[in-house]
Amino acid sequence: GCLVMPGLVNAHTHLPMTCFRGLADDLPLMEWLHEHMFPAEAKHVNREMIYKGALLAMAEMILSGTTSCCDSYFYESNVVKAAVEAGMRIVAGQGFIDFSPPDAEELRRKAAAAESFIAKWRPLSPMVTPSLFCHSAYTCDPETLRTVKRVADGAGVPFMMHLSETKEEVDIIGSRYGAKPVHHLRSLGILGGQCAIVHGVWLEDDEMDILAQSGTGVCHCPESNMKLASGIARIPELLARGVAVGLGTDGCASNNDLDMLLELDTMAKLHKVSTMNPTAMDAETALRIATIGGARVLGLQDLIGTIEPGKRADLIVIDLRKPHLTPLYHPCSQIVYACRGSDVRDSIIDGRIVMRIRELLTLDVPKIMDGVREIAERVKKDGRLA
């Protein structure tokens with residue numbers, strides 16, 4: 001009565017932002033970032049918040065079928081600590097931004113900080129893959145982008161950044177550098193290697209061609225893009241060009257959950273209605289994006305994303321013995337259009353059972369939730385943010 005499938009790959013998220021879930025909803029991106037998220041992070045982000053928020057995220061992801069994730073945030077070593085404790089496979093992205101981030105002192109010398117982070121976590125591979133993340137082309141100047149990408153290329157680790165998320169961002173890049181965002185990155189030598197961009201909502205035809213030619217991947221975050229009214233990425237056109245595309249939830253402050261099965265359903269339907277074509281994204285294509293597609297974007301396609309000999313055992317078991325999953329005609333369609341996170345019965349990561357019959361075996365969920373509630377109380381006391 002159950003279905004076994006590859007674990008879901010959350011290709012882009014900011015896990016500690018579970019602590020800011022619901023803090024500033026129903027706002028456009030730039031107002032949400034500059035008037036709410038950046039001030040909240042400046043005041044409340046510390047190692048304790050990072051670790052406790054990441055633990056809560058790990059619990060939510062395992063409970064809803066995610067077995068691998070790519071996180072990008074500050075104090076990223078504390079996220080790795082939570083992932084190791086949970087038994088989650090993680091691509092851990094140390095974040096870089098030009099104005100003072102919460103861990104500004106540690107990141108003052110960007111190249112040294114990047115090299116140190118990679119050296120610290122590389123020995124734990126394949127469960128932990130260190131990576132580097134620049135926030136965006138409008139918050140990181142060309143020298144920052146070149147420096148961090150140079151370190152990533154030298155170490156052979158993934159490099160990721162937000163790009164072309166909103167029309168306003170595209171206009172900022174055009175005004176500041178006289179180029180479209182993808183052309184700007186190409187001129188700096190950022191594309192290619194293990195580079196992937198996140199969002200890519202406002203890509204033009206020639207930019208999509210450049211991504212395909214350079215082998216640059218794209219992380220698609222449809223629910224976050226919808227909630228912030230950023231727009232709809234042209235994913236079917238990227239796929240037609242051969243661009244590797246993965247699915248991500250983004251952070252809980254802009255989604256507001258980490259349920260990849262809900263994200264799957266949204267993605268498939270969004271591209272049907274945006275193109276007025278019910279065949280624009282079929283269920284099998286959507287499921288591939290959420291599994292092997294994400295693995296390709298993260299450079300893990302030889303380890304995870306499919307069930308086959310020689311790969312790591314990252315598997316989930318879905319209980320089909322439920323009214324909303326009865327009857328079963330087409331398994332892919334059932335997963336994409338009818339399943340939700342709560343239908344995942346068991347989760348296995350790297351051959352280790354981390355959830356059995358909906359019970360997490362690696363994490364104390366009530367204790368974790370209490371810890372995040374304590375952080376939320378401190379945030380609430382900051383009247384300007386509440």
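Quick caveat: nothing in here was measured; it's all calculated off a predicted structure.

Judged by nonpolar contacts, the single largest core of 114 residues is most densely connected at Phe20, Trp32, Met58, Met161, Leu211, Leu238 and Leu264. At eleven residues, helix α2 (residues 47-63) tops the list of elements feeding residues into this core. The contact partners of Leu264, leaving out residues within four places of it in the chain, are Leu8, Leu247, Ala286, Leu287, Ala290, Ile335 and Val336. Formed by 16 residues, the second largest nonpolar core is a distinct cluster that contains Ala196, Ile292, Ala295 and Leu298.

Burial of strand β5 (residues 128-134) is extensive: seven of the seven residues sit out of reach of the surface. Along β5, one buried face is formed by Val128, Pro130, Leu132 and Cys134 and the opposite face, lined by Thr129, Ser131 and Phe133, is buried too. Of the strand pairs in this sheet, strand β4 (residues 89-96) and β5 are connected by seven bridges, and their pairing is parallel. The residue bridging Ile90 from the neighbouring strand is Val128, located in β5. Taken together, the three bridges between β5 and strand β6 (residues 159-163) define a ladder with parallel strand orientation. Within β6, the position partnered with Leu132 by the bridge is Phe159. Following the backbone out of β5, through helix α5 (residues 142-155) and into the adjacent parallel β6, one traces a crossover that is right-handed.

On to the packing of helix α11 (residues 260-275) against helix α12 (residues 283-297). At a minimum axis separation of 10 Å, α11 and α12 run at an interaxial angle of 140°. Considered as vectors, α11 and α12 are oriented oblique to each other. You can see that α11 and α12 cross each other, and the crossing is right-handed. Residues Met260, Leu264, Met267 and Ala268 of α11 lie in contact with α12, whose contacting residues are Ala286, Leu287, Ile289 and Ala290. By residue class, the composition of the contact of α11 with α12 is eight nonpolar, no polar and no charged.

Applying the stated criterion to the full structure yields zero disulfides. Considering cysteine sulfurs only, Cys134 is the nearest to Cys140, which forms no disulfide, with 4.4 Å between them. On the accessibility criterion, Cys140 (2% relative accessible area) is buried. Residue Cys219 stays outside any disulfide, its sulfur separated by 6.3 Å from that of Cys70, the closest cysteine. Here Cys219 falls in the buried class, since its relative accessible area comes to 0%.

The rules behind the values
Residues numbered from 1 in each chain as written. Predicted model: local features only at pLDDT ≥ 70, side-chain atom pairs only at ≥ 80, totals over all residues. Heavy atoms only, no water. Core = buried A, V, L, I, M, F, W, Y, C linked by side-chain atoms within 4.5 Å. Buried < 20%, exposed > 50% of the residue type's maximum accessible area, 1.4 Å probe, protein only. Helix = DSSP H or I, 4+ residues; strand = E, 2+ residues; numbered from the N terminus. Contact = heavy atoms within 4.5 Å. Pairing = 2+ DSSP bridges. Right-handed = clockwise from strand over helix to strand, strands pointing away. Axes fitted to C-alpha atoms, helices over the stretch in contact; angles between N-to-C directions. Parallel < 35°, antiparallel > 145°, perpendicular 65-115°, else oblique. Left-handed = near helix turned anticlockwise from the far one by under 90°. Nonpolar A, V, L, I, M, F, W, Y, C, P; charged D, E, K, R; others polar. Disulfide = S-S within 2.5 Å.

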